[in-house]
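# Chains, contacts and geometry: an overview
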Amino acid sequence: MGNIISLDICGQHISMSNGLTSVFISTLGLSGTRLAKTDDEKRMIIWLLEKDQSAIGSGTVGFDICEMPWNLVSFYAAKCFLLNVIEGAKRKIGWEFLDYQPNEELLFPCFDQFYHLISNVDTNMLNPTTTLNWLKDCMETPKDPVMCGYPCCQKHPVFLTIFGCYLCNN
Ligand SMILES: [Zn+2]
């Protein structure tokens, strides 16, 4: 069992065990929450943090880069933001809030591969319907944190999702 993050259109993917996936999302969530400024950026990180195996099942949180909530208008800014978030995760932003020490030998190559996938995605590969559907789901859930000013966990500096805090859950 494990999870696959892909950029299918380019035939590229990252394969991670369930445990490594949790560390990957946690560390990107810590970096992303620290660095996100705009609504688009905050939503992108919350979308990632919704890949919560404790809520939706182990080995079920893989995704394709094209399914991420890209906004065509701010596409290049969002791409640049995500690359910064990956670099921030490699600088261990917020790692003091983890109650374990991530295995860098396993984790960092995944960051490098993710960086590569994000670098390769372009506007002509996107499926704007997936973004619209996700936003529509958020808007139809009045308690969704995306609709409530992007609150963070009281214990951890990460955005809450409809499933709660990724770090508390995992
Ligand atoms: Zn928490």
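Look above for the structure.
Residues numbered from 1 in each chain as written. Predicted model: local features only at pLDDT ≥ 70, side-chain atom pairs only at ≥ 80, totals over all residues.

If you look at the biggest cluster of nonpolar residues, it comprises 36 residues, and the most contacted ones within it are Leu49 and Val158. Going through the elements one at a time, β1 (3-7), β2 (12-16), α1 (18-35), α2 (39-49), α4 (75-90), α5 (104-120) and α7 (166-169) are the ones with two or more residues in this core. Take this core: its biggest share by element is six residues, from α4. Sequence-distant contacts of Leu49, defined by excluding residues within four places in its chain, comprise Ile25, Gly29, Val158, Phe159, Thr161 and Tyr166. (Core = buried A, V, L, I, M, F, W, Y, C linked by C-beta atoms within 7 Å. Buried ≥ 20, exposed ≤ 12 C-beta atoms within 10 Å, placed from the backbone. Helix = DSSP H or I, 4+ residues; strand = E, 2+ residues; numbered from the N terminus. Contact = placed C-beta atoms within 7 Å.)

Strand order in this open sheet of three strands is β2-β1-β3, and the pairing throughout is mixed. Each having just a single partner strand, β2 and β3 (63-64) make up the two edges of the open sheet. In this structure, β1 lies alongside β3, joined through two bridges in parallel fashion. Within the sheet, the bridge partner assigned to Ile5 lies in β3 and is Phe63. Sheet contacts for α5: β1 and β2; angle to β2, the most-contacted strand, approximately 150 degrees. (Pairing = 2+ DSSP bridges. Axes fitted to C-alpha atoms, helices over the stretch in contact; angles between N-to-C directions.)

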